[in-house]
Amino acid sequence: MILLPKFLRRAMLGLLSGLLVGLPAQASSAATLDSSTLRKIRDTGVIVLGYRVDSAPFSYLDEKLRPIGYSLELCGHITEAIKKHLHKPELELKLVAVTSATRMPLVANGSVDLECGVTTNTLERQKTQAFSTTTFVAETRLLSKRSAGVRGLGDLRGKPVASTIATTSIQLLHQANLNEQLGLKILIGQDDRDAFRLLQSGRAMAYAMDDVLLRMLLLSVANAGDYEISAEAFSVEPYAIGLPRADAGFKALVDETLAGLYRRGEIQAIYRRWFQSVLPSRGLNLQLPMSEAFKRVIANPTDSADPQHYR
């Protein structure tokens, strides 16, 4: 079992009181009586969280190989809400590493109760799992070398483009290739750094990925000035926590916990900690202001998978 860092333990323990204040009686009843996930957690005594090992600032390993990040902090609040709701403060927390390829299957088959990484809520993905209220809003853009003069997908006609396996970016590239007959050669990396290396080595002319992850990658390379992120965005990506499908009671508990953080303004400090401060174990600061789209989500929480909802 992985020992959680102090800040996450504090987040989990310090906010026990009041996390579920204001939970509607109907949602509370549903979560208690009709949730197969909560029954499983109650009976096994274990809450299982999925995390990513290298998706800062959302989910990554610190210098002691402990999972930390924005998504994990949110899941820490949810975990404590579950403990309080079940009257079981002694519940064990089990952390399972997931990848782009394994994250959704592990939620779908019940191996993971909460996927606390960096995953976009889409209608297609909802066929196998559910999603929480939106926790971040990103946009897919192109990263390329400045010398290449890439401004958008139209500049890549007939050229190789990289992205990461099992991501919405890969799906978008395939769709654009089909719709616009671009003749792209789509190269697939096993993870984000692998896909970025395809660009660094010159095998790909561009790397398509969510802008916040591209910014994080550039902070970690010495020659960041040699690269540029396209001004053009070709999709909106509402991130959310992955949940078991068809469990309305569990989702109600998760969503109300997040809504409480938004309603009480606690999300502001959490956001600043991961997007506007020096990241633990990385020594890097994204200096990324909160987007207008996410501000609207905080004011009016939504779990919409429709990109147009966030424009």
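Everything below is about the structure shown above.
Analysis parameters
Residues numbered from 1 in each chain as written. Predicted model: local features only at pLDDT ≥ 70, side-chain atom pairs only at ≥ 80, totals over all residues. Heavy atoms only, no water. Disulfide = S-S within 2.5 Å. Helix = DSSP H or I, 4+ residues; strand = E, 2+ residues; numbered from the N terminus. Buried < 20%, exposed > 50% of the residue type's maximum accessible area, 1.4 Å probe, protein only. Phe/Tyr/Trp six-rings, centres within 6.5 Å; stacked < 30°, edge-to-face > 60°. Arc of directions from axis to C-beta. Contact = heavy atoms within 4.5 Å. 1 Å grid on protein atoms, 1.4 Å probe; cavity = no way out; pocket = protein on both sides within 12 Å on 5 of 7 lines; lining within 4 Å. Points joined across faces, edges and corners; volume = space filled by probe spheres on them. Nonpolar A, V, L, I, M, F, W, Y, C, P; charged D, E, K, R; others polar.

(A) Inspection of the state of the cysteines at higher detail. Scanning all chains against the criterion turns up one disulfide. Residue pairing for Cys75: its cysteine sulfur links by disulfide to Cys116, the two sulfurs lying 2.1 Å apart. Here the disulfide of Cys75 and Cys116 is left-handed, its torsion about the S-S bond being about -100 degrees. In this pair, Cys75 is assigned in helix H4 (residues 70-86) and Cys116 in strand E6 (residues 114-120), connecting sequence segments 41 residues apart. Residue Cys75 shares its accessibility class with Cys116, and that shared class is buried.

(B) Up close: the packing of aromatic side chains. A complete count under the given rule lists 14 aromatic pairs for this structure. Members of the aromatic cluster, joined through ring pairs, are Phe58, Tyr70, Phe136, Tyr239, Tyr262, Tyr271, Phe275 and Phe294.

(C) Structural view of helix H11 (residues 292-299). For H11, the complete set of buried residues consists of Ala293, Phe294, Val297 and Ile298. Taken end-on, H11 shows its buried residues confined to a sector of 140 degrees, consistent with a single buried face. On its buried face, H11 is in contact with H4, strand E8 (136-145), helix H9 (248-263) and helix H10 (266-275).

(D) Geometry of empty space enclosed by the protein. In this structure the tally under the stated criterion is one cavity of 30 Å³ or more. If you add up the space inside the largest cavity, you get close to 110 Å³. In terms of lining, the largest cavity is formed by 15 residues, of which the most central are Arg103, Val118, Thr167, Met209 and Asp210. Elements supplying a minimum of two residues to the lining of the largest cavity: E6, helix H6 (168-180) and strand E11 (206-210). Of the residues contributing to the lining of the largest cavity, the split by class is four nonpolar, six polar and five charged.

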